[in-house]
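Descriptive analysis of the structure
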Amino acid sequence: MTGGPRICDYGDSTYREDFWEGQGRDYEDVVERRVLAQLLPERGQRLLEVGAGFGRISREYSMYERVVLLDYSLEQLHFARQQLGDDRFTYVAADAYSMPFCPGTFDGATMIRVIHHFEDVSAVLSQVRACLCNGGQFILEYANKRHLKSMLRYLLGRNVWNPYTLEPIEFVELNFNFHPDYIQAEVTQLGFDIRRVVPVSWLRLGLLKRTLPMSVLSGIDSALQRTGWRLSPSIFLSLELGDAPYHGRAAASQNPLDILQCPRSATALRRDGDELISADGIRWAVVDGIYDFRHPLP
């Protein structure tokens, strides 16, 4: 995508080991899983997990018959496939600004700890919208710039950016925080109805996480979540697509070619060995069970 938005590529990074495993984020992991359990439906056909990475929370989607993990990193998806297998899961390496899915493919989608890596929020949310069917459920988590700690730091003159302005703040390269009103405007403009707002991770302070038991941390967090106050570092939105063009309902076909299309030409694909070939001859690789749509084959 020459000239397009920048892409965050974890590649063969040690993100899993450096950020999650043994890094003192058990509290965040626990409360996020519990919120997901509250927001997910009892049953679904096919779910798209945007930015699935190494599959940290992919097992939480057991109510869906099929789960598609999408990430730009082939290496992260390799690890996820080793852990999850192929029974209910499909793995797609692709640019989220150009998703390789037929319209109306999914009746559910999630984007958890991901949207902060996108500089063009409208473009990536439009891609999610396009592949959801009527009434599709979308759970979106975003990093909140107007949380209590940032407001206090700004008051004390320790923040170089204003937490009250609507525009996103890029605090390090391809890591953005968003004002709640900014995200609300983006999703409603695209036709999503906001069903629920859940502020999460209120106690994201090293001292509290080191001294309070997990049961106490998660209990306090659950109580604060019920306030609906958009003042926490992380906010979950439960969204429903209410005015999508009619694409019917998603069906959980086991054949990936029933849901995939060429992201360049939006045409059907056929498989030939370890390649997918579009109707107009564009070729994509299948690498160790992962459909690779990052760059077409020469």
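I will try to describe carefully the structure that is included in this document. Just so we're clear, the structure is a prediction, and the values are computed from it rather than from any experiment.

Parameters at a glance
- Throughout this document, residue positions are counted from 1 along each chain, in the order its sequence is written.
- In view of the model being predicted, local features appear only for residues whose pLDDT reaches at least 70, and side-chain atom pairs are presented and counted only at 80 or more, with totals across whole chains, interfaces and linings using the full set of residues.
- To get the side-chain values, all heavy atoms of the structure are used, and hydrogens and water are removed first.
- In plain words, nonpolar cores are sets of buried Ala, Val, Leu, Ile, Met, Phe, Trp, Tyr and Cys residues tied together by side-chain atoms within 4.5 Å.
- Each residue is assigned to one of three classes by its accessible area relative to the maximum for its type, calculated with a 1.4 Å probe on protein chains only: buried under 20%, partly exposed between the two thresholds, exposed over 50%.
- In DSSP terms, a helix is any run of H or I states spanning at least four residues, a strand is any run of E spanning at least two, and both are numbered starting from the N terminus.
- For this analysis, residues touch if any pair of their heavy atoms sits within 4.5 Å.
- Think of a patch as exposed residues, more than 30% relative accessible area, with no salt bridge, where like charges cluster within 9 Å and nonpolar side chains (Val, Leu, Ile, Met, Phe, Trp, Tyr) cluster within 5 Å.
- Calculation of accessible area relied on Shrake-Rupley with a 1.4 Å probe; when residues are assessed, cover is drawn exclusively from the protein chains displayed.
- Salt bridges are identified by distance alone: a Lys or Arg side-chain nitrogen within 4 Å of an Asp or Glu carboxyl oxygen.
- A pair of strands is considered paired only if DSSP assigns at least 2 bridges between the two.
- Fitted lines through C-alpha atoms give the axes, limited to the stretch in contact for helices. The angle between two N-to-C directions lies from 0 to 180 degrees.

Membership of the largest hydrophobic core comes to 46 residues, with the highest contact counts inside it found for L48, F101, F138 and L140. Counting only elements with at least two residues in this core, the list comes to β1 (44-50), β2 (64-71), β4 (106-111), α4 (121-131), β5 (132-143), α6 (180-189), β9 (234-241) and β12 (283-287). Looking at this core element by element, the count peaks at five residues for α4. Setting aside residues up to four positions removed in sequence, F101 forms contacts with L48, V68, L70, V92, F106, C131, I259, L260 and Q261. Y27, L84, V200 and W202 belong to the second-largest nonpolar core, a separate cluster that totals 30 residues.

This part covers unusual backbone geometry. Non-glycine residue R113 carries a positive phi angle of around 55°. The class for R113 is buried, based on a relative accessible area of 16%.

What follows is about a nonpolar patch on the surface. Together, L152, L155 and L156 make up an exposed nonpolar region whose accessible area comes to about 350 Å². Tracing the backbone shows L155 in helix α5 (residues 148-155). For L155, a relative accessible area of 70% puts it in the exposed group.

Overall, mixed pairing links the eleven strands, which are arranged β8-β9-β5-β4-β1-β2-β3-β13-β12-β11-β10 in an open sheet. The open sheet is flanked by β8 (192-200) and β10 (269-272), the only strands paired with a single partner. Direction aside, the axes of adjacent strands within the sheet are offset by 20° on average. In terms of strand pairing, β12 meets strand β13 (residues 290-292) through three bridges, oriented antiparallel. Bridged to V287 within β13 is I290. Across the face of the sheet, helix α2 (residues 26-39) comes into contact with β5, β8 and β9 while running at roughly 150° to β8. Against the sheet, helix α3 (residues 74-84) touches β2, β3 (89-93), β12 and β13, its axis set at about 170° to β3.

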